[in-house]
Amino acid sequence: MTDESPIHIAHKRVCQAFLRHWKAHDNAYPKLIKRPPEALRQFNIVNSLGKPNELWGVPIEIAQ
C-alpha cells in the first residue's frame, strides 16, 4: 500500500465532489465547487497544466 501525497488527495477529493454531484443531479455538471483554502492551493499545484481554480470548465473557489 502506498501513501498518497496531500496534493493528490486534494485532486481526488475535487473529482469525488464531481461524482457525488453527477449521481445526485442526473449527471449534470456542477456550477461551482467550493474547497478549503489549503485544499484549493494543493489542487492547483496538481492541476498546474490546467486553468487555476477550475476543473473540466467548472470554477472552484474558496469555501467561506
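Residues numbered from 1 in each chain as written. Predicted model: local features only at pLDDT ≥ 70, side-chain atom pairs only at ≥ 80, totals over all residues. Heavy atoms only, no water.

Our next topic: the pattern of salt bridges. The tally for this structure, following the rule as stated, stands at two salt bridges. Glu61 is the salt-bridge partner of Lys34, the closest N and O atoms lying 3.8 Å from each other. Here Glu61 lies in strand S3 (residues 58–62) and Lys34 lies in strand S1 (residues 33–35), a separation of 27 residues in the sequence. Overall, Lys34 belongs to the partly exposed group, its relative accessible area being 46%. (Salt bridge = Lys/Arg side-chain N within 4 Å of Asp/Glu carboxyl O. Helix = DSSP H or I, 4+ residues; strand = E, 2+ residues; numbered from the N terminus. Buried < 20%, exposed > 50% of the residue type's maximum accessible area, 1.4 Å probe, protein only.)

Further remarks concern unusual backbone geometry. Despite not being glycine, Asp26 has its phi angle at roughly 50 degrees, a positive value. Here Asp26 shows up in the loop between helix H1 (6–24) and S1. You will see that Trp56, though not glycine, has its phi angle at about 55 degrees, which is positive. Position of Trp56 relative to the elements: it lies in the loop between strand S2 (54–55) and S3. Since its relative accessible area comes to 48%, Trp56 is described here as partly exposed.

Another aspect to go through is the sheet that holds S1. Reading across from one edge, S1-S3-S2 is the order of the three strands in this open sheet, with mixed pairing throughout. Either end of the sheet is taken by a strand with one partner, and the two such strands are S1 and S2. Sheet topology note: the S2/S3 ladder contains two bridges and is antiparallel. When the sheet's bridge partners are listed, Glu54 is paired in S3 with Pro59. (Pairing = 2+ DSSP bridges.)

Before going further, it helps to examine the confidence of the model for the chain. When pLDDT is averaged along the chain, the result is 86; 97% of the residues meet or exceed 70. Averaged pLDDT values for the elements of the chain fall to 85 in H1 and rise to 92 in S3. (pLDDT = per-residue confidence, 0-100.)

Relative to S3, S1 is paired through three bridges, and the arrangement is parallel. If you follow Lys34 over to S3, its bridge partner there is Glu61. Where S2 folds back on S3, the antiparallel hairpin that results is connected by two residues, among which Trp56 adopts a positive phi of roughly 55 degrees.

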